[in-house]
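Per-entry structural report
This is what each chain is made of:
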Amino acid sequence: AVVSTQSTGKPLLFRTVIDSKTNQPIAYHTDIVLSVAETFALVCKEAIHKEDIGNLEKILQETGKKIIYVTYDQAKNFATNSIQLKSQDEKRLFVVSKNGYNSLNQEQIQKIEKTSVILSPDISTIEFISGGSARSMNGELFKK
């Protein structure tokens, strides 16, 4: 997977763990194991190769992100297929599906709510049919 860090402008490469049943990487997109917001990042540590997790954590911390760890089960429930957006009045909105939200524990929710309003629409039909979730449904536009 490749993550471009805005602070360095360089891509951050990391590998995901290989599924023992399928002999394939468990993540086919970065957003299966990682969601990066302005002040925090949801990270599925157990899905990232042990040789790569330290560098990923270091870069996230160096760029001011608080790391919120999620389990692989939470990631499979779309907790990391989430996105932080800004409203017209500059409020931070963290969009995570109802399934993703319901998989999070109270401590994780409280950490997210310190900087964002959480929106958790029920998009379970889209998740079931497409395999994607809130982040997959939103494009990103950046102001210069």
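One numbering rule holds for all chains: residues counted from 1, following each sequence as written. Local features in this predicted model are restricted to residues of pLDDT 70 or higher, and side-chain atom pairs are both shown and tallied only at a pLDDT of 80 or more, whereas totals for entire chains, interfaces and linings draw on every residue. Values reported for side chains reflect all heavy atoms of the structure, with hydrogen atoms and water molecules removed beforehand.

Averaged over every residue, the pLDDT of the protein is 84; the share at 70 or more is 88%. Across the protein, element-level confidence peaks in helix 4 (residues 106–113) with a mean pLDDT of 98 and bottoms out in strand 1 (residues 2–4) with 51. For every residue, the predictor reports its confidence as pLDDT, a number between 0 and 100. A run of H or I in DSSP counts as a helix once it spans at least four residues, and a run of E counts as a strand once it spans at least two, with each numbered from the N terminus.

Here we come to the pairing of strand 6 (residues 83–86). Of the pairings in the sheet, the one linking strand 6 to strand 7 (residues 92–95) comprises 4 bridges and is antiparallel in character. By the bridge assignment, Lys 86 is partnered in strand 7 with Arg 92. The pairing criterion for strands is at least two bridges between them, as found by DSSP. The antiparallel hairpin formed by strand 6 and strand 7 contains 5 residues in its connecting segment, where Glu 90 sits at a positive phi of about 70 degrees.

Here we take up the environment of Ala 41. Examined against the element boundaries, Ala 41 turns out to sit in strand 4 (residues 40–43). Whether a residue is buried, partly exposed or exposed follows from its accessible area with a 1.4 Å probe, protein chains only, as a fraction of its type maximum: under 20%, in between, or over 50%, in that order. By relative accessible area, which is 0% here, Ala 41 ends up buried. C-alpha of Ala 41 to C-alpha of Lys 65: the two residues are 24 residues apart in sequence and 6.1 Å apart in space. Once you skip the residues sitting within four places of it in the chain, Ala 41 turns out to touch Ser 35, Val 36, Leu 60, Lys 65, Lys 66, Ile 67 and Ile 68. Whether two residues touch is decided by their heavy atoms; if any such pair falls within 4.5 Å, the residues are in contact.

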